[in-house]
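# A closer look at the structure
Take a look at the letters that make up each chain.
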Amino acid sequence: KGRVLDEQMGRADKAAQHYQRSLDFDPNQPAALLRLAELALRASDWTQAAEFAERGVRLESTPDQARSRGAFLAAAALAGNGLGQEGAAERLAEAGRADERFAALTLADADAIRAAILAAVP
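What you see is a predicted model; the values in this text were computed from it and never measured.

## Thoughts on the pattern of salt bridges
For side chains bearing opposite charge, pairing can occur when the charged atoms are close. A complete count under the given rule lists five salt bridges for this structure. A salt bridge links Glu38 to Arg42; the shortest N-O distance between them is 2.7 Å. Note that Glu38 and Arg42 are positioned in helix 3 (residues 30-42) at a spacing of four residues, about one turn of the helix. Classification of Arg42 as partly exposed rests on a relative accessible area of 37%. Here Asp99 makes a salt bridge to Arg101, at a shortest N to O gap of 2.5 Å. Judged by its relative accessible area of 38%, Arg101 is partly exposed. One salt-bridge network, in which partners are shared between bridges, spans Glu90, Glu94 and Arg97.

Below, the structure is given as structure tokens:
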């Protein structure tokens, strides 16, 4: 439902509400956290994006969380870069590059990182 609200109806605000309500029921949802992080990155809300990405990195270990780890690290890196924390952002980006989907991406290519994050949503 959140993806339809965002991508087909252009209602990113309603999509974010949907994902947040979903997390209220079950906070261990990598897909919802990744979508919220990407929505915050798209809106240049670096603090919120960093919070969602960090929550995702700390999730209970599940196969979905493990597959999403690189995306969470990339989101955290992009958010940190936006917050002016270049050193920390580069360390996070380097850790995220261990995931082959993010191996060739640089912090300067924010659009490509966001696209890769969306593609990584389980």
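Next comes the rest of the account.
## Describing the packing of helix 3 against helix 4 (residues 46-57)
Contact geometry for helix 3 and helix 4: axes closest at 8 Å, N-to-C directions at 160 degrees. The orientation of helix 3 relative to helix 4 falls into the category roughly antiparallel. With respect to the hand of their crossing, helix 3 and helix 4 are arranged in left-handed fashion. Where helix 3 abuts helix 4, its residues Leu33, Leu36, Ala37, Ala40 and Leu41 lie against Trp46, Gln48, Ala49, Phe52, Ala53, Arg55 and Gly56. Class assignment for the residues of the contact of helix 3 with helix 4 results in nine nonpolar, two polar and one charged.

Conventions and cut-offs
- Residues numbered from 1 in each chain as written.
- Predicted model: local features only at pLDDT ≥ 70, side-chain atom pairs only at ≥ 80, totals over all residues.
- Heavy atoms only, no water.
- Salt bridge = Lys/Arg side-chain N within 4 Å of Asp/Glu carboxyl O.
- Helix = DSSP H or I, 4+ residues; strand = E, 2+ residues; numbered from the N terminus.
- Buried < 20%, exposed > 50% of the residue type's maximum accessible area, 1.4 Å probe, protein only.
- Axes fitted to C-alpha atoms, helices over the stretch in contact; angles between N-to-C directions.
- Parallel < 35°, antiparallel > 145°, perpendicular 65-115°, else oblique.
- Left-handed = near helix turned anticlockwise from the far one by under 90°.
- Contact = heavy atoms within 4.5 Å.
- Nonpolar A, V, L, I, M, F, W, Y, C, P; charged D, E, K, R; others polar.

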